[in-house]
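Report on the structure
Here is how the chains run, residue by residue.
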Amino acid sequence: MSTPFRTAEGGRIDRATTLQFTFDGRSLTGHPGDTLASALLASGQHQVATSIRLGRPRGISAAWAEDPGGLVQVEEPFPEPMLLASTVELFDGLVAHGLPGQGRLADVPDSARYDAVHHHVDVLVVGAGPAGLVAALGAARAGARVALVDEQSEAGGSLLSGTDRVDGVPALDWVADAVAELARHPEVLHLQRTTAFGVYDDGFVLALERRTDHLGAAAPRRVSRQRVWRIRARSIVVATGAHERPVVFADNDRPGIMLARAARTFLHRYGVLPGREAVVFTTNDSAYDAALDLARAGVQVQAVVDARPAGSPQRRAECERAGIRVLSGSVVTGTEGVERITSALVAPFTDGEVGAASVIPCDVLLVSGGWNPAVHLFSQARGRLRYDEVLGAFVPGEELDGLAVAGSAAGVLDLAGCLADGQRVVRAALSALAIVPAADDRLPSAPEPVVPAAPLVLWRVPDTSEAHARTQFVDLQRDATVADIARAVGAGLRSIEHVKRYTTIGTAHDQGKTSGVLTSGITAELLGIPVQDTGTTTFRPPYTPVAFAALAGRDRGRLFDPERVTALHDWHVAAGAVFEDVGQWKRPRYYPQPGEDMETAVLRECAAARTGVGIIDGSTLGKIDVQGPDAAVLLDRLYTNMMSSLKVGAVRYGVMCGVDGMVIDDGTVLRLAEDRFLVLTTTGGAAKVLDWMEEWVQTEWPDLRVHCTSVTEQWATFPVVGPRSRDVVGTLFPDVDVSTEAFPFMTWRDTALDGVPVRLARISFSGELAFEVHVSPWYAVAVWQRLLEAGRPYGITPYGTETMHVLRAEKGYPIIGQDTDGTVTPHDLGMAWAVSKKKPDFIGKRSFARPANQDPRRKQLVGLLPVDRHTLLPEGSQIVEFVADGELPPPPVPMLGHVTSSYRSAELARPFALALVKGGRERVGDTVHVPVNGTLVPVEVTGSVLVDPEGARRDG
Amino acid sequence: MSPRIPGADLPEHPDALWRNPEPKRSYDVVIVGGGGHGLATAHYLAKNHGITNVAVLEKGWLAGGNMARNTTIIRSNYLWDESSGIYEHSLKLWEGLEEDLGYPILFSQRGVLNLAHTLQDVRDSVRRVEANKLNGVDAEWVEPDEVRKICPVVNTSTDIRYPVLGATYQPRAGIAKHDYVAWGFARRASEAGIDLIQDCEVTGFTTQGDRVTGVRTSRGDIAAGTVALCAAGHTSVLTDMLGIRVPVQSHPLQALVSELLEPVHPTVVMSNAVHVYVSQAHKGELVMGAGVDSYNGYGQRGAFHIIERQMAAAVELFPVFARAHLLRTWGGIVDVSPDASPIVGRTPYENVYLNCGWGTGGFKATPGIGWALAHTLAHDEPHPLVAPFSLDRFVTGALVDEHGAAAVAH
Amino acid sequence: MQLIACPWCGPREEVEFTYGGQAHVPYPDDPAALSDEQWAHYVFFRDNTKGRFAERWNHSAGCRRWFNAVRDTTSYRFQRVYRVDDPKPVTP
Ligand SMILES: Cc1cc2nc3c(=O)[nH]c(=O)nc-3n(C[C@H](O)[C@H](O)[C@H](O)COP(=O)(O)OP(=O)(O)OC[C@H]3O[C@@H](n4cnc5c(N)ncnc54)[C@H](O)[C@@H]3O)c2cc1C
Ligand SMILES: [Zn+2]
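**Focus on the sheet that holds strand E39 (residues 676–681) of chain A**
All names here are of chain A. Taken together, five strands build an open sheet; the order of strands is E37-E38-E39-E36-E40 and the sheet is antiparallel. Two strands close off the open sheet at either side, each with one partner strand: strand E37 (651–657) and strand E40 (707–710). Ignoring which end each strand starts from, the neighbouring axes of this sheet average 30° apart. Pairing analysis gives four bridges linking strand E36 (residues 622–627) to E40, with the strands arranged antiparallel. Across the sheet, residue Val626 finds its bridge partner in E40, namely Cys708. Contacts from helix H18 (residues 686–700) reach E36, E37, strand E38 (663–673), E39 and E40 within the one sheet, and its direction differs from that of E36 by about 20°.

Put into structure tokens, the structure is as follows:
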């Protein structure tokens, strides 16, 4: 029989179906409802892995996320590093193996889908145990919008581990009814397999739903594997239960040693016996249930070892009736066995003194040192914790607005108490929301709790042996022991944060779920201070690990960032354009013809624009419609030059600076009417400039009667550029007189094409005669094609951003963000002409007067011509003083500036560059050096305008 | 038994770290803030200048602020001469620090790649690399195929949203173990007789004319000959007490780690456009960060959408990270200055020196600034390495703007 | 992650907002009349209060309106929101 430890009956597994899986190369079987851990235990396997530093065997020690022992790597259906055997639901075909500390990432991309959903509720209940279910029912019955999330595969919480009764029926029947009732409330969202892992401000909770993990390879591909729920709750009820706490003793890490309740869980929920011969070591009454249940299931319970001098009189009687020996006033001081515990060493324990140990053979040792309420979410919400002397644990120490803790998470450890607490807490939450509880909201009944004997708070079994202290494990995953804590304290450390860092306790996969409080307790003991003063380290999200991909959700690949494309995008693609990312936009960079590389394509495109006619899709240029009686006043304040003097029908180039006087954007401004301007911005600056305008208008000058609206996407823009552009535009728009006299440079005209409104503007970013054609994007393709047709006789050539850059650079027109870097003023760019001297003030003006702005060695925009007429200077190259011997001196070499733009020029028949150079305008005519790949390239400093400096071509 | 996993065994800390003395009534030098900078300054005051009547006052636990929370990226490939001066000086000190401190600080020179995703990124990168070379900082521009060789898990395919167009590479850059660094400095300082006083919050100053005579603390008044403010995110709280205005804003900055993973990521990768930076620390965990939370915050925590965005960036750039798990997130308080450069030097009080504004990138400067600030305090004169970072640059306009071309500031 | 009460739209997710730093720092009446130091204080220096701080926010992905808020920079909690032209609350 491959599952010798499977009980004959019972448990919430589907025994009719058998699942095959492979662990560490062994083929094993289990059933739906199993976890990997329960299936391994059913086969008799406790050891899962070896420990990271010491290589000691480690096994399954708990039945859920608090387990520090059962780390596994899943290999099939898709590699996933570091999961807990206790939380992996079994499915057919699962392949996994134990993990000695480091997980392995897949080397192929994960093709699973992940997504996120926003959800808003009145009451969010976290945890579907008894307290959580009562709370959710209470809120649902009151008509509230409710979400109930629970990390397990089914509701019930601690009830899944036991044999409790609620309302006189088996507790899980009551759970089933509760779940069914919740399903009938239309405003209730109930999610299992969903872990609330983070609590943030204003009732914001993040929860991860594992939707298809448990289906293995059968998971439907179109369903997201995991989903992040972003829940906004007006009120949160945290009913997350409690984690059992171990007691530390020598060799407490052997496979076969597990928390007492875990044994009950494996028995009742999964139908698995954790062993044949058990010893139960406890400091409180709760572990007696495990002893009794196991005995009833046929396990030989060798002894209950109770550290309390008098034990628990009542529970002792029960044990005696079941034939179980109880050793009160005793402790486990050590264990034997390598891959599996073979015996426990048990010694008398009186007044803190440990006596001589005797050996009790066993194959499983169950431990309970009490309970740690799962206060993680409360603590993440910045709730203060209070140390409870009786429980030996940290419990919520204050009331928070909008978040309350119920049940054992709040330190209530009995079932009836938890049910009542769930109701009390949800009613308080409802009342804060002014929601009236339903009249029929009845509190379910549970047997009167038997008052337990007082627990003993025992962090570790006293042991004077240093060797033993080195196997008294506090954090099993980190192989960190009592000896390590003692060394930390001995080194002078007092803060629990320092102890954590010194020992690495609490930094592993489980984030200290079992080790954290123990460390506080042991540290306090060693320092001789109260545990309250030691405190805990901070609880940080996430509560349990979350896959990166789940958090990335759908924001990957093309959806990582929106792609903006112009109305002509498909045309560009069809024309074979090579694209460039500019902000979020996809812009054609050039249009290679067969056999062309970028260089030849660009030379061809440039030549067309300089000698014939070219056309470019400039639709990405930012466009802002500025309207209102004070529109001109606003623009005067924001631009360095005067805009109010612009005539309707005319266009002006303008520069904008930040308050620090540095250029932030530039572009042309069309005056459409006395009270209306169309502001063109750079492609990348569009949103920034609109925000900038809004900020000033709203926060500083609310008196200005002006409105700014983005119309970037309302206008497609096609500059038609080159000496033959007049012919093209004149042909297509015969109604417009395109002569220089009738349609001068820097003016615009409205016209129409077959009834479609079109705006033409004589703006040039190349120095050539040019017309910008503006049209609604709905007609963009048609107008573009009509322009191409009209241009065919002249060889009209579409060109991309690269050619645009060459053309503008030949004319010395800077690109903001390329030829500037946030440290450049208009004066530095040689644009003093664009800085008004008449205006008393504008944004940035005052900064021009600062001492650093007067420095004659400021960097200025100049042109550079490599003397060899051949070398293309890499953009970004640094510039140094001319070195006579042509050898670069050793560093540090003072730098004069850098190359901002660099191209081959068809027009100049040589490469050229723009650069920011210290005192550059003074240096025109000088030769300087540019280091390129280890050699010094001599370059001549020139003015920044290299083509048509007289501006003779703009009128064609 | 031998360790099973490479890197599983972090080096042991020493058996003795520091004394826990009661504060004295008076010290020659009082350093406010026991983070990396304060502790390094203390060490170099003792070591280089023989000044040991010094107290480091720390309001919480030693080095529990940003020093305990940063992602430990160390590099010196900054754009401007002033910056590469101090950071390169620091990097050289890092190279000998393990020996100097006698502490295994796990300084690992595994190199850093700063990825370029747009043509402008490429220009800025080349500009920075060329400037670095001329300043004697090791730096090179690498093409995508070399990026792939240096870090095979980076997604260099051309069909991602923002393809990798290349990167700058500084081979001498790397990471170190932050606690080990802080504790190494602390141990040396303590050994030299410097008092490290924890749970000691400076709550005010006593002044006489243009001089500060002492500090008021949660553990009593302490007289001081010279005061150095090394309070990082809390600088403004202290300068407000002195009536000095400093142009820093304190922002939350978050970071996170994964579980321990087999080695996949041999270097440090930073990307500004697809905003994330990643290294795989010694034990095997992926350590990551991104940008600050937008608002001012002293809460040592930030919002989750910042983490989600960072995860999207991480999976976009490193598809194999998809099923790595987020284990823990946390936040620090970073003191961001207008030009992304530090503010170090004199204040209107003759004997008060300021050290702040390191923002998201001051860990790498720890030995460098400790060294230079100690020199400054000992000579009562800003050391040339820190002189360009004076407060009055904001008045003259002579900023050291590290946003523009080196925008990844970590 | 805050839920921020835009004075025009009501409570909205933090991701919809842009931060604008300290509020009530008016553009100087006559910048030319300021010393370099005074001007520098306007351009670069902002309070960095720990605790209640009057600051500017923009509902950038919503109504696009600017407003002011008093928020505690330690707890991050908003104490109140108000319109840009409202006076600075007396007890921030
Ligand atoms: C998430 C994150 C990631 C980072 N990543 C990097 C990185 O990769 N590389 C890099 O170079 N830098 C990084 N940094 C920045 C770096 O951490 C900081 O710039 C640097 O640590 C600041 O110097 P410090 O160590 O002295 O600061 P801190 O460690 O913050 O020290 C300041 C100390 O002053 C104390 N203090 C404050 N007020 C008082 C008072 N009134 N009285 C007494 N004590 C007081 C504080 O408690 C604190 O301990 C990162 C920062 C964060 C938060
Ligand atoms: Zn709004």
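**Focus: the interface of chain A and chain B**
With 98 residues of chain A in contact, the opposing surface of chain B contributes 85 residues. Overall, the association of chain A and chain B removes approximately 7900 Å² of surface from exposure, summing both partners, and the carbon and sulfur fraction of that is 55%. If you look at where chain A meets chain B, you find 13 salt bridges. Between Arg309 of chain B and Asp555 of chain A there is a salt bridge; the shortest N-O distance is 3.9 Å. Here chain A and chain B share 41 residue pairs in polar contact (both at pLDDT 80 or more) between them.

**So, the pairing of strand E51 (residues 935–942) of chain A**
All names here are of chain A. Of the pairings in the sheet, the one linking strand E46 (residues 859–866) to E51 comprises four bridges and is antiparallel in character. Each bridged residue has a counterpart across the sheet, and for Pro866 the counterpart in E51 is Val939. Inspection of the sheet shows strand E50 (residues 927–932) paired to E51 by six bridges, in the antiparallel sense. Paired with Val930 across the strands is Val937, a residue of E51. Where E50 folds back on E51, the antiparallel hairpin that results is connected by two residues, among which Asn933 adopts a positive phi of roughly 50°.

**Details of helix H6 (residues 235–242) of chain B**
Residues that lie three or four places apart on an α-helix share one face, since the helix turns once every 3.6 residues. Residues and elements named next belong to chain B. The complete set of buried residues in H6 reads Thr235, Ser236, Leu238, Thr239 and Leu242. Taken end-on, H6 shows its buried residues confined to a sector of 160°, consistent with a single buried face. Of the surrounding secondary structure, the elements contacted by the buried residues of H6 are strand E1 (26–32), strand E9 (202–208), strand E10 (211–217), strand E11 (220–229), strand E16 (325–336) and strand E18 (352–356). Note on H6: the residue one or two positions beyond its end, Gly243, has a positive phi of about 70°.

**Some points on unusual backbone geometry**
Residue and element names in this part refer to chain A. For the bond running from Glu76 to Pro77, omega is 10°, close enough to zero to count as cis. When you line up the elements, Pro77 lands in the loop between strand E5 (71–76) and strand E6 (80–84). Omega for the bond connecting Pro891 with Pro892 falls within 30 degrees of zero, at 0°, which places this linkage in the cis form. Counting through the fold element by element, Pro892 comes out in the loop between strand E47 (878–879) and strand E48 (897–905).

**Structural notes on the coordination of the zinc ion (ligand 2)**
The protein atoms donating to the zinc ion (ligand 2) are Cys6 of chain C (SG), Cys9 of chain C (SG), His59 of chain C (ND1) and Cys63 of chain C (SG), with metal-donor distances spanning 2.0 to 2.3 Å. Coordination of the zinc ion (ligand 2) draws on donor residues from a single chain, spaced C-x2-C-x49-H-x3-C in sequence.

Conventions and cut-offs
- Residues numbered from 1 in each chain as written.
- Chains lettered and ligands numbered in written order.
- Predicted model: local features only at pLDDT ≥ 70, side-chain atom pairs only at ≥ 80, totals over all residues.
- Heavy atoms only, no water.
- Pairing = 2+ DSSP bridges.
- Helix = DSSP H or I, 4+ residues; strand = E, 2+ residues; numbered from the N terminus.
- Axes fitted to C-alpha atoms, helices over the stretch in contact; angles between N-to-C directions.
- Contact = heavy atoms within 4.5 Å.
- Buried area = accessible area lost by both parts, 1.4 Å probe.
- Salt bridge = Lys/Arg side-chain N within 4 Å of Asp/Glu carboxyl O.
- Polar contact = N/O pair within 3.5 Å; in protein donor to acceptor, adjacent residues only side chain to side chain.
- Buried < 20%, exposed > 50% of the residue type's maximum accessible area, 1.4 Å probe, protein only.
- Arc of directions from axis to C-beta.
- Donors = N, O, S within 2.8 Å, 3.2 Å for Na, K, Ca; no water.

Interpretation note: all reported values are geometric properties and have no functional meaning in isolation.
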